[in-house]
Amino acid sequence: MSWSNPITDRTLDDVLYALENQNLVEDLKGAFNISDANRIIDNTLYLKELLESYEFPVLDYEPQEHIVETDIPYISSVIWLMIQNVIVVTNAYYITTHQTLSYPNNLNYQKVNDIEENLRLTYKLLTDMISNAKKCGTFISGQTVIL
Amino acid sequence: MVNVSNQYKIDINKLHRNMSSMRINLSIVDSDALDASTVSDSNAMYYSDSSTINIPHAHTNKYMTMEHNRFILDGNGILPPEVGSPIDYYQGYVSSEMSGENMRFTTPPSITINFSNYFKFTGLTFTFDRILGTYCNKMRIYAYYDDVEVYNKLHYPTAVQFVTDDNIPATGFCNKIVVEFLATYPARRRINLEYIVLGLVKTFTDDNISSTKWDRHTDLLSTSLETNVFSFNILDVNKEFNPENTSGYWRYVGQRQPVTFDYGYELSDGKTEWIRGGTLYTDDTVSIDTKDTIPVVKFKAVSILSQLTAKYYKNEYNGQLHSLYDLATDVLTFANLSPLEDGSSPYYLDPVLQTIYTPNILSEVEINKALQTIANAGLCVLKVSRNGQIRIERLDTTLLDFNMSLDNIKSTPSVVQLPIVKSIKTKYKNTTMSSTDEEIASVKNLVLTEDTTFKINYTKSTEFSMSLTGTLAVVGSPYFYSTSVTITLSGSGDFTLYGHKLIENSIDVELPVNPVGYDCVVSNELINTEHDALEYAKWIANDLFNRNSYKTDDRGYPELDTTDVIRGDTSYGNALSVIVTDYSVSYNGALSGSIKYISLLPTIDGFKICGMFNVGQDIVL
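The shown structure was predicted, so the numbers you read here are calculated from the model rather than taken from an experiment.

Residue and element names in this part refer to chain B. Judged by pairing direction, the sheet is antiparallel, and its five strands sit side by side in the order β2-β4-β9-β6-β7 without closing on themselves. Edge positions in the open sheet fall to β2 (37–41) and β7 (148–155), since each of these has one partner strand only. Across this sheet, the average inter-strand angle for adjacent strands is 20°, counted without regard to direction. Alignment of strand β6 (residues 135–145) against β7, held across seven bridges, turns out to be antiparallel. Residue pairing in the sheet places arginine 140 in a bridge with leucine 154 of β7.

If you want it as structure tokens, here you go:
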């Protein structure tokens, strides 16, 4: 499982562009495609596994399958489950969330930005923590070491 | 009054107006076919509801799905409920199949419309997903007469709304239509069909509109039905409405064809602001004038209220109090109205009707008269809004931002002073049940060779029983309403109906208003307490106090409605608060209007015009 860069900068212009250009082959930023949903699912799983590898317990996470185009984004069993997993994973690691997530009846570009921003922040802080951890016997350049 | 932009308010009052325009949509549908139709489908989504697609109405709440680029993140789409959960928003017909990359279906979804009778259609109008702009771009339509194919043709829609003006079938009739959806635009989409009109929607524009006139009058006391008539004349260049044109529309044009119309006005920036006029229905007065080179077809459309002329007979006395709200709901449910085009309720009832109770029942009258009686008893106005919604509500006297100034009118308003009212004489009615069980109706010497249905009317009664002689028998379970019963009998003999007649005692109430003048006699059968009778009398008196009535011709303001409270200049130049009671807008390439309004006297808390007094007020001479 690898990390994919979240998309957190959707704008109203992206949404209006998507509304007028649904027929384009590429996935449009102003629409919620399976690539977006599966990226969120994968990133959430990535963070869960990374946290658990560092002994952070991640409670109440429910595995979620990838979504295909013929799937229906049911409000509870798909979208809210997705949001619930993001909350569970970000709460497993103590951070200040960018925006409190809720369980909406619809999705707009701001809500999806918030979901992905929560994941991005968690990833950044976690990987910063990991990269700054020192192993026994190592030292930092310029440090005074008492032998 | 319709909300209009600030720019419109400025531009419409310019000395030299910009261009005006109109557009009229006339549906040419067979309303009998609609009543005779049932819709079924293949491969539909769980939130699909094909049974409603033969009723034109918008689906403003769309469920979002994961089709490529369809789930637009504008916040307007709704997340679909779980299978088995209540469906809040049915979506018309939505196929479970999705088209592929090449826009085509592997297994084409389809819908079937069966009719209980045989029909011929001027065409079909399909409306697909208007919100997301997706549609079927290839379909095959079949028509069958008793399962024998009589029509089979491919069609290639290029927009969300598609009209095929083929005669279906070309000759003869059909009793089944099957529509097979073959491809979509864009690709990778399900079919999203909002509704089908069993006929055509013809749109007339300035190219073929000769002239129009929209007349409205509202009785502020609901003592008579409102007038809401739209007359329009169309240049029939292609002779589509000529009775001798065998491929024409003449035979399909008749009553109850929906008509919507809009007024356009060009603003200073060159854009046109459109104002919805009304949603009305043709009556049976279509005519064609062929004396000129280009024939002129003349239509007249009236509001839904005018067409509710079936008798309301489901009145029941049980001695219990019922609110005017419940009574109105019963009548409107009986009327079996369809939702409005935007999916909202076909009627609105002021919550104040929930606070007025009566045990009295309505007489068996037309639905529109029954609603008028309820509105009058509830001190409300009965009218139809621009989108076709029947409304019973108290008059809103909020002053609107509109001034019918001397610059906007073509001549000084003529004034008529209404006669002075000396008193309001009304009554309230107590209804009780007679203690005598007596004969209230009978049908003698019946000899029936087959089951025969009778509608028997009688004076208001309750607690019924019947007796039958000979071999006469009742078929089924008739329901006895207070003024009539529809009963099916078979055999031979006499039928006698017994019951307790309702005794209606009237008690007079008089409200003095002025020391001189005429006595206004008015009453309502639903009013049953002295308190309600006095409130009713005060309401009448307050309206009749508005004793100046003004009439003039103006420059034409399609945004104005009757019952609007606006400022109106008088011949003295002073602007009064006035209520519009009549308004007529004419169009023949340019707008013009004719208005009638009455002065709005302030209530007890407001200022008084010298020499006037409030009802019941003590005056110190």
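Below, the discussion takes up the environment of serine 414 of chain B. Residue and element names in this part refer to chain B. Structurally, the position occupied by serine 414 is in strand β26 (residues 414–417). For serine 414, a relative accessible area of 40% corresponds to the partly exposed category. Taking C-alpha positions, serine 414 is 9.9 Å from aspartate 553, a pair spaced 139 residues apart along the chain. Aside from chain neighbours lying at most four places away, what touches serine 414 is Ser549, Tyr550 and Lys551.

Residues and elements named next belong to chain A. Across all of its chains, the model carries 32 salt bridges over all chains by this definition. Of the charged contacts in the structure, one is a salt bridge between aspartate 9 and lysine 29, with a shortest N-O distance of 2.9 Å. You can see aspartate 9 sitting in the segment before α1 (12–20) and its partner lysine 29 sitting in the loop between α1 and α2 (34–53), a full 20 residues away along the chain. When its relative accessible area of 32% is taken as the criterion, lysine 29 is described as partly exposed.

Before going further, it helps to examine a nonpolar patch on the surface. A cluster of nonpolar residues, Tyr118, Tyr145, Val148, Val150 and Phe173 of chain B, forms a patch on the protein surface that exposes about 430 Å² of accessible area. With respect to the element layout, tyrosine 118 of chain B can be found in strand β4 (residues 110–119).

Taken together, the contact pairs 30 residues of chain B with 38 residues of chain A. Interface area, chain B with chain A, both sides summed: about 2,700 Å², of which 60% is carbon and sulfur. Across the chain B-chain A interface, the total number found is one salt bridge. In this assembly, chain B and chain A are joined by 19 residue pairs in polar contact (both at pLDDT 80 or more). Each residue belonging to the side of chain B that touches chain A can be placed in one class, and the counts come to 17 nonpolar, six polar and seven charged.

All names here are of chain B. Reading across the sheet, the four strands line up as β3-β10-β5-β8 and stay open at both edges, with antiparallel pairing between neighbours. With partners counted over all chains shown, the strands left at the sheet margins are β3 (93–94) and β8 (161–164), one partner each. Of the pairings in the sheet, the one linking strand β5 (residues 124–128) to strand β10 (residues 192–197) comprises four bridges and is antiparallel in character. Across the sheet, residue threonine 127 finds its bridge partner in β10, namely tyrosine 195.

Take the nonpolar core next. The biggest cluster of nonpolar side chains holds 48 residues, and the ones touching the most others in it are Phe32, Ile79 and Met82 of chain A together with Phe71 and Leu73 of chain B. Element by element, the count of residues in this core is highest for helix α3 (residues 75–92) of chain A, at nine residues. Ignoring sequence-local partners within four residues, the contact set of phenylalanine 32 of chain A consists of Ala37, Ile40, Ile79, Met82, Leu107 and Val112 of chain A together with Met66, Phe71 and Leu73 of chain B. Among the nonpolar cores identified, the runner-up in size contains 46 residues, and Ala328, Ala375, Leu379 and Leu382 of chain B belong to it.

All names here are of chain B. For the coordinates displayed, the defined rule picks out zero disulfides over all chains. You can see cysteine 136 has no disulfide; the closest cysteine sulfur is in cysteine 174, sitting 19 Å from it. Summary of cysteine pairing: cysteine 520 is not part of a disulfide, and the nearest cysteine sulfur, belonging to cysteine 380, is at 19 Å. Taking relative accessible area as the criterion, cysteine 520 reaches 12% and is therefore assigned buried.

As a further point, take the pairing of β5 of chain B. The buried count for β5 of chain B comes to five of five residues, which makes it a mostly enclosed element. Residues Leu124, Phe126 and Phe128 of chain B point to one face of β5 of chain B and Thr125 and Thr127 of chain B to the other, with burial holding for every one of them.

Residue and element names in this part refer to chain B. Between isoleucine 168 and the following residue, proline 169, the backbone shows a cis peptide bond with an omega angle of -5°. Tracing the backbone through its elements, the reader meets proline 169 in the loop between β8 and β9 (174–185). For the peptide bond that leads from tyrosine 185 to proline 186, omega is -5°, which places it in the cis range. Relative to the elements of secondary structure, proline 186 occurs in the loop between β9 and β10. If you check the backbone angles, serine 222 has positive phi at about 55° while not being a glycine. For serine 222, the location among the structural elements is in the loop between β12 (209–217) and β13 (227–235). With phi around 70°, threonine 563 is a residue other than glycine that occupies positive phi space. Along the chain, the position of threonine 563 falls in the loop between β33 (548–554) and β34 (565–569).

All names here are of chain A. Where α3 contacts helix α4 (residues 109–132), the two axes come as close as 10 Å, and the packing angle between them is 25°. Accordingly, the angle class assigned to the pair α3 and α4 is roughly parallel. Viewed along their axes, α3 and α4 form a crossing whose handedness is left-handed. In this structure, α3 uses Ile83, Val86 and Thr90 to contact α4, whose residues at the interface are Ile115, Asn118, Leu119 and Thr122. Across the contact of α3 with α4, the residue classes break down as four nonpolar, three polar and no charged.

Residues and elements named next belong to chain B. Relative to the helices and strands, threonine 483 is located in the loop between β30 (473–475) and β31 (484–512). A polar contact of 3.2 Å, which involves the side chain of threonine 483, links it to the side chain of asparagine 315. At 2.8 Å, the side chain of threonine 483 forms a polar contact with the side chain of glutamate 364.

Here we take up the confidence of the model for chain B. Interpretation of the predicted coordinates at a detailed level should be avoided for regions scoring low in pLDDT. Residue and element names in this part refer to chain B. Overall, the predicted model of chain B reaches an average pLDDT of 88, with 95% of residues at or above 70. Mean pLDDT across the elements of chain B bottoms out in helix α2 (residues 31–35) (79) and peaks in β6 (97). Segment residues 602–621: pLDDT under 50, and 18 contacts once partners within four positions in sequence are set aside and those in other chains are kept. Across the interfaces of the predicted complex, the ipTM metric reaches 0.90, alongside a pTM of 0.72.

The subject of this paragraph is helix α4 (residues 367–377) of chain B. Residue and element names in this part refer to chain B. By the criterion of burial, α4 is predominantly enclosed, with ten of the eleven residues buried. On its buried side, α4 packs onto β18 (311–312), α3 (324–335), β22 (365–366), β23 (381–384), β24 (390–393) and α5 (530–544). Leucine 379 occupies a position one or two residues after α4 and carries a positive phi of about 60°.

For serine 50 of chain B, the position within the fold is in the loop between β2 and β3. If near-sequence neighbours (up to four positions away) are discounted, serine 50 of chain B is found in contact with Val39, Asp41, Gly92 and Tyr93 of chain B.

It is worth spelling out the pairing of β33 of chain B at this point. Consecutive side chains along a regular strand alternate between the two faces of the sheet. All names here are of chain B. Direction of pairing for β26 relative to β33: antiparallel, over a ladder of four bridges. In the sheet register, valine 415 faces β33, and the bridge partner there is tyrosine 550. Inspection of the sheet shows β33 paired to strand β36 (residues 591–599) by six bridges, in the antiparallel sense. Of the residues in β36, the one forming a bridge with tyrosine 550 is tyrosine 597.

Moving on, we get to the packing of aromatic side chains. Remark: the centre distance and the inter-plane angle together describe each pair of aromatic rings, the angle taken between the planes. Residue and element names in this part refer to chain B. Taken as a whole and assessed by the stated rule, the structure comprises 37 aromatic pairs over all chains. Ring geometry for tyrosine 93 and phenylalanine 181: centres 6.1 Å apart, planes at 25°, overall stacked. With a gap of 88 residues between them, tyrosine 93 in strand β3 and phenylalanine 181 in strand β9 connect regions that are remote in the sequence. Under the relative-accessibility criterion, tyrosine 93 is labelled buried at 0%. Phenylalanine 181 sits in the buried class, given a relative accessible area of 0%. Seen in terms of ring centroids, tryptophan 214 and phenylalanine 261 are 5.0 Å apart; in terms of plane orientation they differ by 85°. Their pairing is edge-to-face. You can see tryptophan 214 sitting in strand β12 and its partner phenylalanine 261 sitting in strand β14 (residues 258–266), a full 47 residues away along the chain. On the basis of relative accessible area, tryptophan 214 is assigned to the buried category, the value being 2%. Judged by relative accessible area, which is 0%, phenylalanine 261 ranks as buried. An aromatic cluster of three or more residues is present, and its members are Phe204, Trp214, Phe230, Phe232, Phe241, Phe261, Tyr263 and Phe299.

The rules behind each value
- Residues numbered from 1 in each chain as written.
- Chains lettered and ligands numbered in written order.
- Predicted model: local features only at pLDDT ≥ 70, side-chain atom pairs only at ≥ 80, totals over all residues.
- Heavy atoms only, no water.
- Pairing = 2+ DSSP bridges.
- Helix = DSSP H or I, 4+ residues; strand = E, 2+ residues; numbered from the N terminus.
- Axes fitted to C-alpha atoms, helices over the stretch in contact; angles between N-to-C directions.
- Buried < 20%, exposed > 50% of the residue type's maximum accessible area, 1.4 Å probe, protein only.
- Contact = heavy atoms within 4.5 Å.
- Salt bridge = Lys/Arg side-chain N within 4 Å of Asp/Glu carboxyl O.
- Patch = residues over 30% accessible without salt bridge, like charges linked within 9 Å, V, L, I, M, F, W, Y side chains within 5 Å.
- Areas by Shrake-Rupley, 256 points an atom, 1.4 Å probe, with all protein chains shown as cover.
- Buried area = accessible area lost by both parts, 1.4 Å probe.
- Polar contact = N/O pair within 3.5 Å; in protein donor to acceptor, adjacent residues only side chain to side chain.
- Nonpolar A, V, L, I, M, F, W, Y, C, P; charged D, E, K, R; others polar.
- Core = buried A, V, L, I, M, F, W, Y, C linked by side-chain atoms within 4.5 Å.
- Disulfide = S-S within 2.5 Å.
- Parallel < 35°, antiparallel > 145°, perpendicular 65-115°, else oblique.
- Left-handed = near helix turned anticlockwise from the far one by under 90°.
- pLDDT = per-residue confidence, 0-100.
- Phe/Tyr/Trp six-rings, centres within 6.5 Å; stacked < 30°, edge-to-face > 60°.

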